[in-house]
Structure formats: C-alpha cells, structure tokens
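If you want the building blocks of each chain, they are given just below.
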Amino acid sequence: MTTVQYPQGADYQLAMQHADFALVDPVLKHGQIEMRPDRGTIPVVRSGGFVFTYHLHLTHGSDKALRCYNKAIPDLFARYEHIVPMTRRAADLFLPTDFQRVGILVNGQRYPLMVMEWVAGETLNNWIAHHLTSAAIGSLIPQFDQMLRQMAQLGIAHGDLQHGNILVDDQGHLRLIDYDSMYVPALAGLPPADAGQRNYQHPQRRGEFDARLDRFPGIVIGLALRALQADPTLWPEFGISGENMLFTREDFLAPTRSPLLARLRGVSA
Ligand SMILES: Nc1ncnc2c1ncn2[C@@H]1O[C@H](COP(=O)(O)OP(=O)(O)O)[C@@H](O)[C@H]1O
Ligand SMILES: [Mg+2]
C-alpha cells in the first residue's frame, strides 16, 4: 500500500484562494470561502490536529465547514463509510456530513474532503469564557448529559470529546463536531484514529477503541461544568489556557498534588 502524502497548510491556503477551481463538487464551487477581514484575499483557516477547516458561504443553501486533511488517518475511507450513515441516523446529535473521497484538487492531485454543516457559534471553552455565570453554564449540563446518554444507547462514542470539538450555537445548544475519531459498532476491531486530547483522556488509556471511549472525557467535562456552575471564579484560575477546561492530565496523574482538586474540595454544589 502506498502512503498518501497530504498537502500542508500553504498548499491548502493557495487552493482555497481559488476554491472555484480546487473544489470538485459543482455546488460548493459556487460558494465563497471566508477571508480574513484585514487581508481580504487570505482565507481564514482553523487548524487543530489532522485537518485545516475552512468556512464556505453558500448563497443558496446552508454554509459548510470544509475539513482538509494534512495527515493520513488509517482507514479514513472505511471509517467515514460507517460514520456518515450514523450522523444521519442520529441527526439530533451530529451535523449533516458528507465525506467526499475526491473533494479537492491541490497541486494537480485529488484529495478527500469532509463537508459538514457550519455552526455559527463558539467552541465550548470560548463560550464559557464569554458566558461566565452559573445560570449560563448550568444550562449546558442537562444537554451534555443527554448527549452522553444518547450515544451510549446507540453503542457509539465520539472518541475525542473535548472543548474544541463541542460548539455552542447561537441558541445556546451544544453541537458535536470533528467525527474523525468516532467509534461505531461497524468499526469494531480497528485501532483508534488518534489518542484524543491529553487533558481529557484517562492516563492509562492504551489502544482502546470501543463504545466506552467517551466515559472518562464525559466525566471530565461533566464535572468541570458542575464545578463552574457552583463557582464560576474557577475559570480564570484553571480554565484559560485554551488547552483544557479546568482539569489537566497532570491532575489525573497526580491527584494528591493537584491544586485544582484541593480547591474543588472547598466548593459546595
Ligand atoms: N461544522 C463546523 N461549524 C463551525 N465551526 C467548525 C465546524 N467544524 C470545525 N469548526 C471549527 O474548526 C475548528 C477545528 O475543526 P475540527 O473539525 O475540530 O478539526 P481538528 O481535527 O483539527 O481538531 C473547531 O474547533 C471549530 O472552531
Ligand atoms: Mg477538533
């Protein structure tokens, strides 16, 4: 098997400056890529681990997030073959998603593209920073619990639950994004796509890939939300790194030395 070398940031930036040419889909071709307000010919790109994400505005139809891969994910095509139908089946949990095996042309080569509905909103950590009241944070807790329950009932897991993969939309509703690491039963036997964000994963997690993947991150997030609801002043002290939501991997590794856990002992719910 040949390993695909994926394009890098500069290649995708150039491609997105000529999105009408680079995008293969005839509808997407007619959209406008969001450009930087200060420099109108430079696309706005959001980058995390495996992808560069662009925002495409469509005059007819809803806006899209275009996710362009910069690293190989083992069995990417097989994963999405089973993940996409699940996003349709559980449409209240996931955003409408379309995986295009040949979606974008970069330097004359064809690459896959993940196209999903665009959510106007903020990532969970940014939203919290802008809505730092007990009532606002409290409004997320039943939604988050319900999300976890629903995934457990379906026997699936998001696989990388963390603040950057949960958006809060304009109506204050939680929306899950970034389905690369998802577990659905049809994928049993595969290795995990990645290890998940370090500040949300159990330190003894090894190569597990099953329906229980969200349990530990679910506890980390659920507990952080409850602690913040009880005491929003925890946020400036423990939450503003941009890399976590109160808890860090160090707290899991050495709970007895954790300043956060010591502080939480004094917080009453
Ligand atoms: N459907 C979407 N709607 C709005 N913003 C999105 C969407 N998908 C991704 N983003 C933005 O792009 C960032 C990175 O996207 P993500 O899919 O999480 O990629 P990565 O695998 O790099 O983490 C997100 O944190 C979010 O800010
Ligand atoms: Mg992500």
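Please refer to the structure higher up on the page.
Residues numbered from 1 in each chain as written. Chains lettered and ligands numbered in written order. Predicted model: local features only at pLDDT ≥ 70, side-chain atom pairs only at ≥ 80, totals over all residues. Heavy atoms only, no water.

Quick notes on the overall build of the chain
Within the chain, the secondary structure is distributed over 10 helices and nine strands. Rg of the C-alpha trace for the chain: 19 Å, near the compact-globule value of 18 Å for 269 residues, within the 12% margin. Seen through its principal axes, the chain has C-alpha atoms that stretch 60 × 45 × 30 Å. Looking at the chain residue by residue over its 269 residues, the buried ones come to 50%. Contacts spanning at least 24 positions in sequence make up 61% of the contacts within the chain whose residues lie at least 6 apart. (Helix = DSSP H or I, 4+ residues; strand = E, 2+ residues; numbered from the N terminus. Rg over C-alpha atoms; globule rule 2.2 N^0.38 Å. Buried < 20%, exposed > 50% of the residue type's maximum accessible area, 1.4 Å probe, protein only. Contact = heavy atoms within 4.5 Å.)

A short note on the site of ligand 1
If you check the shell around ligand 1, you find 19 residues, and the closest are Gly 48, Arg 67, Glu 117, Val 119 and Gly 164. A distance of 2.9 Å is found between an oxygen atom of ligand 1 and a backbone nitrogen or oxygen belonging to Gly 49. Interatomic distance of 2.7 Å between a side-chain N/O atom of Arg 67 and an oxygen atom of ligand 1. In isolation ligand 1 has 550 Å² of accessible area, and contact with the protein removes 89% of it. Here ligand 1 occupies the largest pocket. Counted by class, the shell around ligand 1 contains nine nonpolar, six polar and four charged residues. No fewer than three residues from each of domain 1 (13-117) and domain 2 (121-264) sit in the shell around ligand 1. (Near = heavy atom within 4 Å. Polar contact = N/O pair within 3.5 Å; in protein donor to acceptor, adjacent residues only side chain to side chain. Areas by Shrake-Rupley, 256 points an atom, 1.4 Å probe, with all protein chains shown as cover. 1 Å grid on protein atoms, 1.4 Å probe; cavity = no way out; pocket = protein on both sides within 12 Å on 5 of 7 lines; lining within 4 Å. Sits in = over half its atoms within 2 Å of the grid points. Nonpolar A, V, L, I, M, F, W, Y, C, P; charged D, E, K, R; others polar. Domains from an automatic or database assignment.)

Focus: the layout of surface pockets
Estimated volume of the largest pocket: approximately 780 Å³. Along the wall of the largest pocket there are 33 residues; nearest its centre are Gly 48, Gly 164, Asn 165, Ile 177 and Asp 178. Among the secondary structure elements, those contributing two or more residues to the lining of the largest pocket are strand 2 (46-47), strand 3 (51-57), strand 4 (64-69), strand 6 (109-117) and strand 7 (121-123). When grouped by side-chain class, the residues that make up the lining of the largest pocket number nine nonpolar, 15 polar and nine charged. The residues that make up the lining of the largest pocket include at least three from each of domain 1 (13-117) and domain 2 (121-264). (Points joined across faces, edges and corners; volume = space filled by probe spheres on them.)

Considering the nonpolar core
Within the largest apolar cluster, 81 residues are counted, with the highest numbers of intra-cluster contacts made by Leu 66, Phe 94, Ile 104, Tyr 179 and Leu 246. Each of domain 1 (13-117) and domain 2 (121-264) gives at least three residues to this core. Look past the residues within four positions of Ile 104 in its chain and what remains in contact with it is Tyr 12, Ala 15, Met 16, Ala 22, Leu 23, Val 24, Cys 68, Gln 109, Arg 110, Tyr 111, Pro 112 and Leu 113. (Core = buried A, V, L, I, M, F, W, Y, C linked by side-chain atoms within 4.5 Å.)

Quick word on the packing of aromatic side chains
Overall, the coordinates contain nine aromatic pairs when judged by the stated rule. The interplanar angle of 65 degrees and the centroid separation of 6.4 Å between the aromatic rings of Tyr 69 and Phe 99 together place this pair among those described as edge-to-face. With Tyr 69 in strand 4 and Phe 99 in strand 5 (residues 97-106), this pair connects stretches of sequence that are 30 residues apart. Across the pair, exposure class does not vary: Tyr 69 and Phe 99 are buried alike. When the ring of Phe 216 is compared with that of Phe 252, the centres are 5.0 Å apart and the planes differ by 80 degrees; the resulting orientation is edge-to-face. Of this pair, Phe 216 sits in helix 7 (residues 215-230) while Phe 252 sits in helix 9 (residues 249-253), and the two are 36 residues apart along the sequence. Every member of this aromatic cluster is reached through a ring pair, and the members are Tyr 69, Phe 77, Tyr 80 and Phe 99. When the ring centre of Phe 50 is taken as origin, the NZ or CZ atom of Lys 71, which lies over that ring, is 5.1 Å away. Over the aromatic face of Phe 209 sits the side chain of Arg 79, whose NZ or CZ is 5.4 Å from the ring centroid. (Phe/Tyr/Trp six-rings, centres within 6.5 Å; stacked < 30°, edge-to-face > 60°. Lys NZ or Arg CZ within 6 Å of the ring centre and 35° of its normal.)

Here's the deal with helix 6 (residues 141-154)
Taking 1.5 Å per residue as the helical rise, helix 6 with its 14 residues ought to reach 20 Å, and the 20 Å between its terminal C-alpha atoms agrees with that figure. Listed as buried for helix 6 are Ile 141, Phe 144, Met 147, Gln 150 and Met 151. Residues of helix 6 that are buried in the fold lie against helix 5 (134-138), strand 8 (166-169), strand 9 (174-176) and helix 7. The first or second residue beyond helix 6 is Gly 155, which carries a positive phi of 70 degrees. (Expected span 1.5 Å × (residues − 1).)

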